[in-house]
Amino acid sequence: MLFAGSYSGWYCTSDEAFLPESQVQSVKEADGSDVKVSTESGHRVEWMQEDNYLFRLGAFQDDLKHWIRQEPIAPANFNQLVEHWLEERELADVSVSRSSNRLQWGIAVPDDPSQRIYVWMDALINYLTVCGYPDESFRKFWPADVQIVGKDILK
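What you are looking at is a predicted structure, and each value in this text was computed from that prediction instead of being measured.

1. A closer look at the pattern of salt bridges
Phase 1 of the analysis: One pass over the structure, following the stated rule, counts eight salt bridges.
Phase 2 of the analysis: With its nearest N and O atoms 4.0 Å apart, the salt bridge here joins Lys65 to Glu87. Here the residue Lys65 occupies a position in helix α1 (residues 61-68), and Glu87 occupies one in helix α2 (residues 76-88), the gap between them amounting to 22 residues.
Phase 3 of the analysis: Glu87 sits in the partly exposed class, given a relative accessible area of 47%.
Phase 4 of the analysis: Glu87 is the salt-bridge partner of Arg69, the closest N and O atoms lying 3.5 Å from each other. Separated by 18 residues along the polypeptide, Arg69 in the loop between α1 and α2 and Glu87 in helix α2 bring together distant segments of the chain.

2. Structural notes on the sheet that holds strand β8 (residues 107-109)
Phase 1 of the analysis: Judged by pairing direction, the sheet is antiparallel, and its three strands sit side by side in the order β7-β9-β8 without closing on themselves. The open sheet is flanked by β7 (97-99) and β8, the only strands paired with a single partner. Here the average twist between neighbouring strands, direction ignored, is 50°.
Phase 2 of the analysis: Taken together, the three bridges between β8 and strand β9 (residues 112-117) define a ladder with antiparallel strand orientation. In the strand pairing of β9, Ala108 is matched with Arg116.

Procedures and definitions
- Residues numbered from 1 in each chain as written.
- Predicted model: local features only at pLDDT ≥ 70, side-chain atom pairs only at ≥ 80, totals over all residues.
- Heavy atoms only, no water.
- Salt bridge = Lys/Arg side-chain N within 4 Å of Asp/Glu carboxyl O.
- Helix = DSSP H or I, 4+ residues; strand = E, 2+ residues; numbered from the N terminus.
- Buried < 20%, exposed > 50% of the residue type's maximum accessible area, 1.4 Å probe, protein only.
- Pairing = 2+ DSSP bridges.
- Axes fitted to C-alpha atoms, helices over the stretch in contact; angles between N-to-C directions.

The values are spatial; any link to function lies outside them.
Below, the structure written as structure tokens:
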């Protein structure tokens, strides 16, 4: 489900995040020039393309639609929001690595020192390791019955 690919989009250096078109707006600078900024933070964004590793999230869309109907997310309004997202658009592939030149922290990608695994993916790997992975004893604890996820990650 992980593959080498190219990821492009609006990137906000201050927020350390790629943003979808729906979260970017044009604003006028004092000199009259137009710049693109994040609608949430107001920080400038730039169009960026980079090679990295991606997770094929769209392969799980039908499974996620089925699961979300069981209303596993609290509060309920977030569950409804995710259900709406899953119905209105196809899930895009998710970048899970960044160039080691741009990101020094994170977990080095095995057999590819040019890349680092970051954000939620490195946390997931850490959780599995704490549970005993790769030893089979990790299955006693995984999958977890409850996951606490911030709203930014939910997006």
